[in-house]
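# Remarks on the overall topology
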Amino acid sequence: MSVALLIDGIGELTTNDDELGRVADAAVVVEGERIAWVGPASRAPAADERFDAAGRAALPGWVDSHVHPVFAGDRSAEFEARMAGQAYAAGGIATTVDATRAASDAELAATLDRLADEALAGGTTALEAKTGYGLTIDDEVRSARVARGRAEAVTFLGAHLVPEGWDADAYVEHVAGPMLDAVAPLVDAIDVFCERGAFDEAQSRRVLEAGAAKGLALRVHGNQLGPGPGVRLAVELGARSVDHVAFLDDEEVAALAGSWAAGIGTVATVLPACDLSTRMPLAPARRLLDAGAVVAIATNCNPGTSYTTSMAFCVATAVLQMGLTVEEAVRAATLGGAIALGRDGEDADGRPPLGRIRPGARADLQLLEAPSAAHLAYRPGVPLVGAVWRRGERVR
C-alpha cells in the first residue's frame, strides 16, 4: 500500500488547472505516483508523512518536449565562430553525426544520463529525446534504444540531414522505408527538418506520411531559418507540434490557432535558447498566444545550437524578451509540452497526465526557493529549484 505524503505550507501553487487556478497557502497530497488531493492548506486531509514548504512556490515539473540528447562530440568551436559573426547553417549537424557514429552505446547513454540528471535537478521531470545523429539504420536503432532508457517519449529524426554520399531523394526513401521499419517499434513519433539545407516540402511530406502509416505521432522542425512550408505541412497533416516557428506570416499564425478549432491541434513549440544561440529572431510567441494558438516552450538541447537543459532560462527569456507573462510562460513550459507530447490526459496505456497539479495527474512537481513563480524571470539565471518530486518520489 502506497504512503500518502502531504506537502503543505505552499505559498503559491501553480496548478495549470482551469478550475483550481493558482492557489495561495496551498497543500498537495501525493499518493503513489499520482496527485491525490489539491487545495487550501487549511482543508488538507491527513496523510502518513508531511513536508513543510515553508511559504515557497510550487509548480508542475517542466515538460521539455524538444530535446536532442543522444550524441557524442563537441561543437563549441562552431558556437564561438557563430558568435563572431558566422551564420548558422543546417550542415553543422554532420560534425555530430560523425562523432555519434564513432561512439559506443555506453558513451551515448552516459551523455544522455548526464543531461537528463542535469535537467531533473533543474525541475524537468519529463523530456522527449530525438534520434537523428546516427543517420544509418544501425545507428538510428541504437540511438532509439539508448533514448528509451531515460526519455518520456522518443522521436525518430532520421530526416535530420542528408548524409554525405547520399542523393537527397534516395535518402528520403531510405528513411521512409527500411530505416523507419527498423526504428518504428522503438519510438513514439517521427520528425523531419523541413528547412533549406535539409528537406524540402515534398521530401518532408514523404517522411511524415510514412510515419503516420506506421501509427507514429508527427512532429516538424519548421520555419527556423526563414519562411518555408513547415507550418503549413504540419497543420495539414495533423502534426502534434511544429517547432522553432521563428518566421511566421499572418496566415501561418492563423493556421496554427485554427488547427485547434478544426480539431487538429498543432502546438507551436518555441525554442528561445536556440534563437539566442543562433542569433535568429525570437519566435513570435506573443502573436501566437494572442491569436489563440497553443504554445509550448522547450530547450532544444543539442550540441550545436542550444546546449542547455535549463527550462528556467527559457521561461525567463520568454517573459523578458518574448512578451509572455510569467503564468503564460510557465504554462507553456509545463502543460504546453505535455500537450505537444500527447500526455496532457490519461493515455491509452493508462499513464497519468503530465503538466498539471490536480487529482489524478502524475505527481511531478518542483518547489522554488522563492515565494512565487514570478522569481523565475524576476531573478533570471539564479538556480531557484529547491526540491523536485517525480512520479511521487522526491529526487532532489
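Check the entry above for the structure.
Residues numbered from 1 in each chain as written. Predicted model: local features only at pLDDT ≥ 70, side-chain atom pairs only at ≥ 80, totals over all residues. Heavy atoms only, no water.

## Some words on the pattern of salt bridges
Applicable threshold: Any carboxyl oxygen of Asp or Glu that lies within 4 Å of a side-chain nitrogen of Lys or Arg is treated as forming a salt bridge with it. Only runs of H or I of at least four residues qualify as helices and only runs of E of at least two qualify as strands under DSSP, and these elements are numbered from the N terminus. Think of it in three bands: with a 1.4 Å probe and only protein chains considered, a residue is buried below 20% of the maximum accessible area for its type, exposed above 50%, and partly exposed in between.
Under the counting rule described, the total for this entry stands at 34 salt bridges. Here Asp 191 and Lys 130 are joined by a salt bridge, their closest N and O atoms 2.8 Å apart. Taken as a pair, Asp 191 in strand β9 (residues 189-194) and Lys 130 in strand β7 (residues 124-130) lie far apart in primary sequence, 61 residues in all. Judged by relative accessible area, Lys 130 falls into the buried class, the value being 0%. Here Arg 205 and Glu 209 are joined by a salt bridge, their closest N and O atoms 3.9 Å apart. Taken together, the positions of Arg 205 and Glu 209, both in helix α6 (residues 201-213) and four residues apart, correspond to about one turn of that helix. Judged by its relative accessible area of 22%, Arg 205 falls in the partly exposed class. Of the residues examined, Glu 209 reaches a relative accessible area of 40% and is grouped as partly exposed. Beyond isolated ion pairs, a larger network of salt bridges with shared partners links Glu 33, Glu 152, Arg 343, Asp 347, Arg 351, Arg 362, Asp 364, Arg 390 and Arg 391.

## Things to note about the packing of aromatic side chains
In this description, an aromatic ring pair is defined by two values, namely the gap between the centres and the angle between the planes. Here is the rule we go by: Aromatic pairing here means that ring centres of Phe, Tyr or Trp (its six-membered ring) are within 6.5 Å. Orientation follows from the plane angle: under 30 degrees is stacked, over 60 is edge-to-face, and everything else is tilted. Distance and angle both matter: a charge sits over a ring if NZ of Lys or CZ of Arg is within 6 Å of the ring centre and within 35 degrees of the ring normal.
Under the defined criterion, the tally for this structure stands at five aromatic pairs. On the basis of an interplanar angle of 85° and a centroid distance of 5.1 Å, the ring pair of Phe 51 and Trp 389 is categorised as edge-to-face. With Phe 51 in strand β4 (residues 49-52) and Trp 389 in strand β15 (residues 385-390), the pair connects residues that are 338 residues apart, well separated along the chain. Summarising the burial analysis for this pair, Phe 51 and Trp 389 share the class buried. Aromatic side chains Phe 71 and Tyr 307 sit 5.8 Å apart centroid to centroid with 75° between the ring planes, which places their arrangement in the edge-to-face category. You can see Phe 71 sitting in the loop between β6 (62-64) and α1 (76-83) and its partner Tyr 307 sitting in the loop between β13 (295-297) and α11 (311-322), a full 236 residues away along the chain. Judged by its relative accessible area of 2%, Phe 71 falls in the buried class. Taking the ring centre of Trp 389 as reference, the NZ or CZ of Arg 394 above it sits at 5.7 Å.

## Some words on the environment of Gly 177
Within the secondary structure, Gly 177 is located in helix α5 (residues 168-183). It is 22 Å that separates the C-alpha atoms of Gly 177 and Arg 240, two residues lying 63 residues apart in sequence.

## Some points on the nonpolar core
Side chains of a nonpolar character, in soluble globular proteins, are inclined to be buried together. Filter applied, for reference: We define the nonpolar core as a collection of buried residues of types Ala, Val, Leu, Ile, Met, Phe, Trp, Tyr and Cys that are connected through side-chain atoms lying within 4.5 Å of one another. Any pair of residues with heavy atoms lying within 4.5 Å of one another is described as a contacting pair.
Core analysis: the biggest nonpolar cluster contains 94 residues, and Val 245, Leu 256, Leu 288 and Ile 297 have the highest contact counts within it. Take this core: its biggest share by element is seven residues, from α5. Leaving out residues up to four positions away in the same chain, Leu 256 has contacts with Val 231, Val 235, Val 242, Leu 248, Thr 266, Ala 268, Leu 288 and Ala 293. In terms of nonpolar packing, the next biggest core, distinct from the first, is built from 19 residues, Ile 35, Ala 53, Ala 363 and Ala 387 among them.

So far we have only geometry, and geometry alone does not tell us how the molecule works.
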